2 protein chains.
Amino acid sequence: MLDAFDQKKDHILKEIGANSESHLDASPKGTIDIFCIPIINEINGNPNYVTTSSCSGRVSVFLEGIKHNEDTTAQIGAKGYEGRWVFVTHDPDELPLWYDNVKFIYQDQNYKELTPNTRYLLYKYEPLILHVKCRDTKLATALYTTAMNCGFRESGIGSNNVVAIRISIKLDVPFGYLEESLGSLVSFVTRDYLEVLTKLSDDRFKENFRKMNQLHQAIAALSLSSDGVNHLTSKQETREERRLRKMQLGLAKREEIRELKKRAKEAKEEVQ
Amino acid sequence: MLDAFDQKKDHILKEIGANSESHLDASPKGTIDIFCIPIINEINGNPNYVTTSSCSGRVSVFLEGIKHNEDTTAQIGAKGYEGRWVFVTHDPDELPLWYDNVKFIYQDQNYKELTPNTRYLLYKYEPLILHVKCRDTKLATALYTTAMNCGFRESGIGSNNVVAIRISIKLDVPFGYLEESLGSLVSFVTRDYLEVLTKLSDDRFKENFRKMNQLHQAIAALSLSSDGVNHLTSKQETREERRLRKMQLGLAKREEIRELKKRAKEAKEEVQ
């Protein structure tokens, strides 16, 4: 007979297992980001933890929705009322030259038409976020501490032993707006600046994956320890053993991601 | 005889009480931001809670420090090695035309001189953040739930019953860099765009103070309830009573902040 946590975990794992391009989940994108599948598998391989939501990190360009009154403050980044995604990617390979696929009017001064109802274009880089349900408070605290020690300094324990794992590698740039009379997207900044922003986003993707990798290893070590305390740093491992282990981990992960990308692409083609 | 929590709280309150322009605390700024003193007083007036750190929300412009190798990803926003604040304010009244007090070279295209070691200029809006130590886990959960219900969706419980109260009203804009050979600050964007960014920051200050006010009221209601559950919404208050109460709360707070600003100014003048 399974206890409440095991039942919940069992149910979630079945949903994750069934999830694919042709069988979408309830999230806006509908599938799990492939770049975080390795760390999700690591977490779910531990009998005390189960992931309840995840995003591997992404770049997005969003046009705010329609603002119905003058109280704009409550509507910053408004999702509703025709707010729409202009561009979204979780994959740094899809970043280069994204701006050339959008028809921007580049107008870098003299913004007379801005009003409290202006719908801004928001460019964002958002890093890895994971929500993990834990069997009990002690195990939640162990996971929280592991994440904090890896530099995920905005992590926290919420209700029902769910740990949110968060880091502050961000970009949040309102860089244009919708010119209503023409229905055009105006960029406040030059194409050259969008190129810089894209390059800086690529740096953040790299840093994000480096931190994800570090967290993955720390959680693997946490799973190995019997007492819920992370002994990664206190293990009697020589420098050479460590180098080899890290290299193998890195190679295995790259191989896994390559395979996942291939499968995702095939599944996408099947659907189309 | 005081228990451990009461001893800790007693100690913190003494430090807060002694803090002034002529008696700085250990934070970079050295004093508590006046805009969050009312909510801090509300929290510390509850025998089960004590604030351990706070920031009322701020705009900052930061020049990254020197990057010593090619691995820039680990050095995004580097604080050390001559990183320096170009502008910081917690007060929306100090925002207008801040950029005219900095000697920027406005150069909105053709960034040939960018390298992996480039030191970027980062413009940020960061909202209210509070850390609150709670007497026990149940009280920490009550405070966490109150904050989440007020829209502080990035809140979390950490170690030792410390609740971090966080909200995601942010701006994070790398908008220029240090041109090393001239020692000049180059802006990627026009002065007109910096004006837009400043206006959008002012909107975020307004939204931040609106949310802080909402949280203040919810914590006041939490203190009034005997069972640690927030009954603010279930109170039998007429619409007119509510309007009056809110108006009085707003007036009292504005008066309190005005008084605090006056005292801070006087203290500053005394020190100079």
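Now for a description of the structure that goes with this document. (Residues numbered from 1 in each chain as written. Chains lettered and ligands numbered in written order. Predicted model: local features only at pLDDT ≥ 70, side-chain atom pairs only at ≥ 80, totals over all residues. Heavy atoms only, no water.)

## A word on the overall build of chain A
Next, step 1: Within chain A one finds five helices and 10 strands.
Next, step 2: Burial status across chain A gives 47% buried among its 272 residues.
Next, step 3: Total accessible area computed for chain A in this model is approximately 14000 Å², and 52% of it derives from carbon and sulfur atoms. (Helix = DSSP H or I, 4+ residues; strand = E, 2+ residues; numbered from the N terminus. Buried < 20%, exposed > 50% of the residue type's maximum accessible area, 1.4 Å probe, protein only. Areas by Shrake-Rupley, 256 points an atom, 1.4 Å probe, with all protein chains shown as cover.)

## So, the pattern of salt bridges
Two side chains of opposite charge can pair, provided their charged atoms sit close to one another.
Next, step 1: For the structure shown, the criterion picks out 21 salt bridges over all chains.
Next, step 2: Measuring nitrogen to oxygen at the nearest pair gives 2.8 Å for the salt bridge that ties Lys199 of chain A to Asp203 of chain A. Here the residue Lys199 of chain A and the residue Asp203 of chain A both occupy positions in helix H4 (residues 191-224), the gap between them amounting to four residues, near one helical turn.
Next, step 3: On the basis of relative accessible area, Asp203 of chain A is assigned to the buried category, the value being 10%.
Next, step 4: The partner of Asp10 of chain B in a salt bridge is Lys14 of chain B, and the shortest N-O contact between them spans 3.3 Å. Here the residue Asp10 of chain B and the residue Lys14 of chain B both occupy positions in helix H1 (residues 4-18), the gap between them amounting to four residues, near one helical turn.
Next, step 5: Taken together, the shared-partner salt bridges in this structure form one network comprising Asp3, Asp6 and Arg135 of chain A. (Salt bridge = Lys/Arg side-chain N within 4 Å of Asp/Glu carboxyl O.)

## Topic: the packing of aromatic side chains
All names here are of chain A.
Next, step 1: Taken as a whole and judged by the stated rule, the model has 32 aromatic pairs over all chains.
Next, step 2: A ring pair is formed by Trp98 and Tyr99, whose centres lie 5.5 Å apart and whose planes are at 75 degrees; its orientation type is edge-to-face. Considered together, Trp98 and Tyr99 belong to a single accessibility category, that of buried residues.
Next, step 3: Taken together through their ring pairs, the aromatic side chains of Phe87, Trp98, Tyr99, Phe104, Tyr106, Tyr123 and Phe175 make up a single cluster. (Phe/Tyr/Trp six-rings, centres within 6.5 Å; stacked < 30°, edge-to-face > 60°.)

## Some thoughts on the relation of the copies chain B and chain A
One chain copy maps onto the other through a rotation about an axis and a shift parallel to that axis.
Next, step 1: Note on the copies: chain B fits chain A at an RMSD of 0.1 Å, the axial shift is 0.0 Å, and the rotation between them is 180 degrees. Such values leave the two copies arranged in the relation of a two-fold axis. No C-alpha of chain B approaches the rotation axis more nearly than that of Gly156 of chain B, which lies at 1.9 Å.
Next, step 2: When you check the interface residues of chain B against chain A, 100% turn up at the interface there too, and the contact is symmetric in its surfaces. (Least-squares fit on C-alpha atoms with pLDDT ≥ 70 in both. Contact = heavy atoms within 4.5 Å.)

## So, the interface of chain B and chain A
Next, step 1: Every contact between the two is made by 38 residues of chain B and, on the other side, 38 residues of chain A.
Next, step 2: When chain B packs against chain A, the two sides together hide about 3300 Å² of surface, and 59% of this comes from carbon and sulfur.
Next, step 3: Connecting chain B to chain A are two salt bridges.
Next, step 4: The shortest N-O distance in the salt bridge between Lys170 of chain B and Glu154 of chain A comes to 3.8 Å.
Next, step 5: Summed over the shared surface of chain B and chain A, the number is 12 residue pairs in polar contact (both at pLDDT 80 or more).
Next, step 6: Of all the secondary-structure elements, those providing two or more residues to the side of chain B that touches chain A are strand S7 (156-157), strand S9 (171-179) and helix H4 (191-224) of chain B.
Next, step 7: If you tally residues by element for the side of chain B that touches chain A, the top one is H4 of chain B, at 10 residues.
Next, step 8: The residue inventory of the side of chain B that touches chain A, partitioned by class, reads 17 nonpolar, nine polar and 12 charged. (Buried area = accessible area lost by both parts, 1.4 Å probe. Polar contact = N/O pair within 3.5 Å; in protein donor to acceptor, adjacent residues only side chain to side chain. Nonpolar A, V, L, I, M, F, W, Y, C, P; charged D, E, K, R; others polar.)

## Looking at the environment of Arg191 of chain A
Residues and elements named next belong to chain A.
Next, step 1: Note on placement: Arg191 falls in helix H4.
Next, step 2: The class for Arg191 is partly exposed, based on a relative accessible area of 32%.
Next, step 3: Not counting residues up to four positions away in its chain, the partners in contact with Arg191 are Leu97, Tyr99, Asp100 and Tyr106.

## Focus on the packing of helix H3 (residues 137-149) of chain B against H4 of chain B
The geometry of a pair of packed helices is captured by two quantities: the angle between their axes and the separation between those axes.
Residue and element names in this part refer to chain B.
Next, step 1: In the contact formed by H3 and H4, the axes pass within 10 Å of each other and the chain directions differ by 145 degrees. Relative to H4, the crossing made by H3 is right-handed. Touching Ala142, Leu143, Thr146 and Ala147 of H3 are Leu215, Ala218, Ile219 and Leu222, all from H4.
Next, step 2: Taken together, the residues of the contact of H3 with H4 sort by class into seven nonpolar, one polar and no charged. (Axes fitted to C-alpha atoms, helices over the stretch in contact; angles between N-to-C directions. Left-handed = near helix turned anticlockwise from the far one by under 90°.)

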